[in-house]
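Per-entry structural report
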Amino acid sequence: MDLHLDPLHLNWILAATELDEQQRQRASSALSELRLEPLADMRPIGPDAPDSTWFTITGPDVLIDILIQPMAVLSSFIALMLDTWQKAVDLGIQTFWSSRLPDEAQSAIELFILRVWGLPIGLPSGVSHSQSLGETASLSHLNLDHVDDVSDLSWEKNPRATVNETAFLVVPPRVQAGLVDPFYGQVYSHDFLSENDSIYRARKLTDGTFGHLSVPFRTVPRYFADSADTLITLLEENSQSAVSNSLGDGVPLYRGQNREHTLQRSRATRLKLFGDAHAIEPSLLPSGTRRSTPAAAATAFNSLIESAVEISPEKPHSYDHETWSTFRGDNLKTSFAQHYGLATPSLDLTEDFLVACWFATTRLQLATPGILRASPVDDEDICVIYVLRPDMDAGAPIDVQMSPYGRPARQRGWVTTNTWGWRSNDAARHLEAAVYFEGRLRHELKPVLPQSDQLFVPQGSDVLMDLALSIGNRLPDSPITDALLRDLYRVVE
């Protein structure tokens with residue numbers, strides 16, 4: 001495994017310091033020569049590396065994660081992880097499947113590291129590679145991803161743990177080959193799919209006054225509000241039911257959109273999954289499924305977040321260097337990137353339904369590069385606000401209200417943390433209700449809705465955005481600057 005810092009990343013990060021260009025280049029060149037090599041006993045701790053050394057991790061074929069943290073933190077984590085898994089192997093637990101961790105994003109990273117290090121990761125007991133793949137031609141027309149072996153899935157793609165799951169039972173697979181839902185990560189063997197229809201059939205049909213949406217094993221009621229009072233009443237009622245139907249504590253969350261998006265599947269696929277060729281599947285896909293931000297730009301932005309915290313006039317009391325050296329710190333950086341315009345695997349939500357109402361009744365259109373102009377929707381437009389339950393399995397949403405000066409705090413922002421890979425639409429599984437209304441209701445709502453300058457920090461007051469623009473001006477020809485300034489945005493009216 002090659003553990004190193006890219007000079008291009010380093011030069012951009014060091015631009016936030018007082019070093020001149022020659023000093024930056026010299027520092028970047030020196031730091032990029034550092035390598036962290038595994039020792040004979042598999043403990044990847046560089047014996048001569050100082051604790052202050054910083055680095056990123058990449059694998060030979062895939063970016064594992066971007067972790068910018070002290071060497072001692074990461075090396076101790078990997079050492080502990082290797083030690084834990086070696087003990088599992090010694091005890092006869094040979095599969096990642098049978099001993100998965102609750103944090104699936106972390107688990108995917110760990111599995112990749114284990115494979116690179118050559119630790120034996122086998123199949124569950126009772127499953128043989130010699131079993132028939134069971135390829136079934138009749139399933140090839142479905143909008144699902146093929147896998148050769150449902151018992152040895154690519155965990156870096158984030159599948160769900162259970163094979164052949166329904167709302168009522170789990171059926172053991174008889175053959176190895178199967179299909180995966182690329183939006184929810186559900187895994188099914190070919191024999192099961194060939195013999196069963198309506199596999200996502202809901203345990204109980206729940207309709208609203210406007211019908212329902214379909215997600216795996218559930219229906220989500222749809223409601224239509226014809227007045228502002230009705231809209232607020234529906235949101236309050238469904239917020240209470242979202243909390244009562246959740247498995248744990250938390251606050252209800254919301255997402256406002258000026259139009260509804262649905263998953264684009266074939267009629268045959270919807271018929272196989274839901275038993276209804278006309279099923280309406282809500283699309284809550286994160287921005288990272290539609291576009292990408294270069295890894296170098298994402299790394300540079302992550303560094304800016306730490307710098308912005310340090311120079312902020314209102315320093316957050318709960319954020320320090322230890323925060324950034326954790327997986328929560330990685331999630332926080334991803335969430336800030338999402339709120340500021342970078343493409344990420346996270347979906348931004350809010351705990352304030354009035355903020356959701358503003359986004360539902362507002363169009364954000366590109367005026368010039370880096371500038372979005374806010375304008376009201378038309379009176380006849382159909383807007384929607386989604387109410388979500390606060391529990392989201394291992395991918396529970398996280399609060400990103402870092403401090404009063406930040407954009408996420410102004411928007412009472414939260415983000416999802418497990419909507420990536422094959423589970424990109426997982427947020428839809430946690431919908432409590434969808435409430436629709438015509439754009440004309442914005443006139444009634446106007447007295448209670450926030451203004452755009454309350455949700456988006458004005459230029460000159462946003463420490464994070466101003467720092468990015470400042471460094472961009474110092475390095476106008478850097479490809480990182482070009483990528484960042486293409487994605488970062490401000491909002492004007």
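Residue indices follow the written sequence of each chain, beginning from 1 at its first position. Per-residue local features of the predicted model are confined to residues with pLDDT of at least 70, and side-chain atom pairs are confined, for both listing and counting, to 80 or more; whole-chain, interface and lining totals are unaffected and use all residues. Only hydrogens and water are set aside when side-chain values are computed; all heavy atoms of the structure are taken into account.

1. Details of the pattern of salt bridges
Any carboxyl oxygen of Asp or Glu within 4 Å of a side-chain nitrogen of Lys or Arg constitutes a salt bridge here. Following the criterion strictly, the structure yields 19 salt bridges and no others. Residue Arg-412 pairs with Glu-351 through a salt bridge whose shortest N-O separation is 2.6 Å. Remark: Glu-351 occurs in the loop between β10 (348–350) and α11 (353–360) and Arg-412 occurs in the loop between α12 (407–410) and β15 (413–415); sequence separation between them is 61 residues. A salt bridge links Asp-378 to Arg-363; the nearest nitrogen and oxygen atoms lie 3.2 Å apart. Of this pair, Asp-378 sits in the loop between β12 (371–376) and β13 (382–388) while Arg-363 sits in strand β11 (residues 362–368); the two residues are 15 residues apart in sequence, bridging distant segments of the chain. Taking the relative accessible area as the measure of exposure, Arg-363 reaches 22% and is therefore partly exposed. If you follow the salt bridges from partner to partner, you end up with Arg-160, Arg-423, Asp-426 and Arg-429 in one network. Counting from the N terminus, the helices are the DSSP runs of H or I reaching at least four residues and the strands are the DSSP runs of E reaching at least two. With a 1.4 Å probe rolled over the protein chains alone, any residue whose accessible area is under 20% of its type maximum counts as buried; one over 50% counts as exposed, and the rest are partly exposed.

2. Notes on the side chain of Gln-338
With respect to the helices and strands, Gln-338 occurs in helix α10 (residues 327–340). Polar contacts, as counted here, are pairs of nitrogen or oxygen atoms within 3.5 Å of one another; within protein the pair requires one atom able to donate a hydrogen and one able to accept it, and residues that are adjacent in sequence qualify only if both atoms are side-chain atoms. In this structure the side chain of Gln-338 is engaged in a polar contact, spanning 3.2 Å, whose partner is the side chain of Asp-348. In what follows, residue pairs with any heavy atoms lying within 4.5 Å of each other are defined as contacts. Residues contacting Gln-338, with those up to four places away along its chain left out, are Ser-287, Thr-344, Ser-346 and Asp-348.

3. Section: the packing of aromatic side chains
In this analysis, rings of Phe, Tyr and Trp, with Trp reduced to its six-membered ring, are considered paired at centre separations within 6.5 Å, and the interplanar angle assigns stacked below 30 degrees, edge-to-face beyond 60, and tilted for intermediate values. Under the definition given, this model contains 12 aromatic pairs. Ring centres 5.5 Å apart and planes at 80° place the aromatic pair Tyr-200 and Phe-217 in the edge-to-face group. Residue Tyr-200 is located in the loop between α5 (190–195) and β7 (212–215), and its partner Phe-217 is located in the loop between β7 and β8 (218–225); the two are separated by 17 residues in the primary sequence. Here Phe-217 falls in the buried class, since its relative accessible area comes to 11%. With centroids separated by 6.4 Å and ring planes inclined at 55°, the aromatic side chains of Phe-456 and Tyr-489 adopt a geometry described as tilted. On the criterion of sequence distance, the pair formed by Phe-456 in the loop between α14 (452–455) and α15 (463–474) and Tyr-489 in the loop between α16 (479–487) and β17 (490–492) is long-range, its members being 33 residues apart. Tyr-489 shares its class with Phe-456; the two are buried. The lysine or arginine in question, Arg-407, covers the ring of Tyr-340, its NZ or CZ lying 4.3 Å from the ring centre. The ring centre of Tyr-489 lies 4.8 Å from the NZ or CZ of Arg-407, which sits over that ring. Here, a charge over a ring is recorded when the distance from Lys NZ or Arg CZ to the ring centre is within 6 Å and its angle to the ring normal is within 35 degrees.

4. Points about the environment of Glu-438
On the secondary structure map, Glu-438 appears in strand β16 (residues 431–438). Given the relative accessible area of 26%, Glu-438 is considered partly exposed. As a C-alpha pair, Glu-438 and Thr-361 span 77 residues in sequence and 8.9 Å in three-dimensional space. Apart from residues no more than four positions distant in its own chain, Glu-438 is found in contact with Phe-224, Asp-379, Asp-381 and Ile-382.

5. Structural notes on the confidence of the model for the chain
Summing up the model confidence of the chain, the mean pLDDT is 75 and the portion of residues at 70 or higher is 67%. Each residue carries a pLDDT score, the predictor's own confidence in it, on a scale running from 0 to 100. Ignoring residues within four places in sequence, the model shows residues 34–74, a span with pLDDT below 50, making 94 contacts including any to other chains. Under a pLDDT of 50 for its full length, residues 92–109 has, in the predicted model, 44 contacts with residues more than four places off or in other chains.

6. Side note on the side chain of Arg-222
Along the chain, Arg-222 falls in strand β8. Separated by 2.8 Å, the side chains of Arg-222 and Tyr-436 make a polar contact. Not counting chain neighbours up to four residues away, the residues in contact with Arg-222 comprise Gly-208, Thr-209, Phe-210, Gly-211, His-212, Leu-213, Glu-260, Ile-280, Ala-434 and Tyr-436.

7. Comments concerning a nonpolar patch on the surface
There is a patch of nonpolar side chains on the surface, built from Phe-210, Phe-224 and Ile-382 and spanning about 230 Å² of accessible area. Assignment of secondary structure puts Ile-382 in strand β13. The exposure class assigned to Ile-382 is partly exposed, which follows from its relative accessible area of 37%. Patches here: salt-bridge-free residues with over 30% relative accessible area, like charges joined within 9 Å, nonpolar side chains (Val, Leu, Ile, Met, Phe, Trp, Tyr) joined within 5 Å. Here, Shrake-Rupley sampling with a 1.4 Å probe gives the accessible areas, and only protein chains in the shown set may cover a residue.

8. Comments concerning the pairing of β13
Burial analysis of β13 places 6 of its 7 residues in the buried class, which makes it a mostly covered element. DSSP bridges decide pairing: two strands pair if at least two such bridges lie between them. Sheet topology note: the strand β9 (residues 253–257)/β13 ladder contains 5 bridges and is antiparallel. Following the sheet pairing, Arg-255 is matched in β13 by Tyr-386.

9. A closer look at the packing of helix α8 (residues 295–311) against α15
Helix axes use the C-alpha atoms of the stretch in contact, all axes being lines fitted to C-alpha atoms, and the angles between their N-to-C directions lie in the range 0 to 180 degrees. Running from N to C, α8 and α15 point in directions that differ by 120°, and their axes come no closer than 9 Å. With respect to their mutual orientation, α8 and α15 come out oblique. When the axes of α8 and α15 are compared, the crossing they make is right-handed. Across the interface between the two elements, Phe-301, Leu-304, Ile-305, Ser-307, Ala-308 and Ile-311 from α8 touch Val-463, Leu-464, Leu-467, Ala-468 and Ile-471 from α15. For the contact of α8 with α15, a count of residues per class yields 10 nonpolar, 1 polar and no charged. Oblique is the label for every angle not falling under 35 degrees (roughly parallel), over 145 degrees (roughly antiparallel), or within 65 to 115 degrees (roughly perpendicular). By the definition used in this description, the sense in which the near helix is turned from the far one sets the handedness, with an anticlockwise turn below a right angle giving left-handed and a clockwise turn giving right-handed. Note on residue categories: nonpolar means Ala, Val, Leu, Ile, Met, Phe, Trp, Tyr, Cys or Pro, charged means Asp, Glu, Lys or Arg, and polar means any other residue, Gly included.

10. Some points on the environment of Gly-256
Among the structural elements, Gly-256 can be located in strand β9. The class for Gly-256 is buried, based on a relative accessible area of 14%.

11. With respect to the sheet that holds strand β5 (residues 178–180)
Strand-to-strand pairing in sheets goes through backbone hydrogen bonds, with the strands running parallel or antiparallel. Taken together, 3 strands build an open sheet; the order of strands is β4-β5-β6 and the sheet is antiparallel. Single-partner strands in this sheet number two, and they are β4 (145–147) and β6 (187–189). The average angle at which neighbouring strand axes cross in this sheet is 30°, direction not considered. Taken together, the 3 bridges between β4 and β5 define a ladder with antiparallel strand orientation. Within the sheet, the bridge partner assigned to His-146 lies in β5 and is Leu-179.

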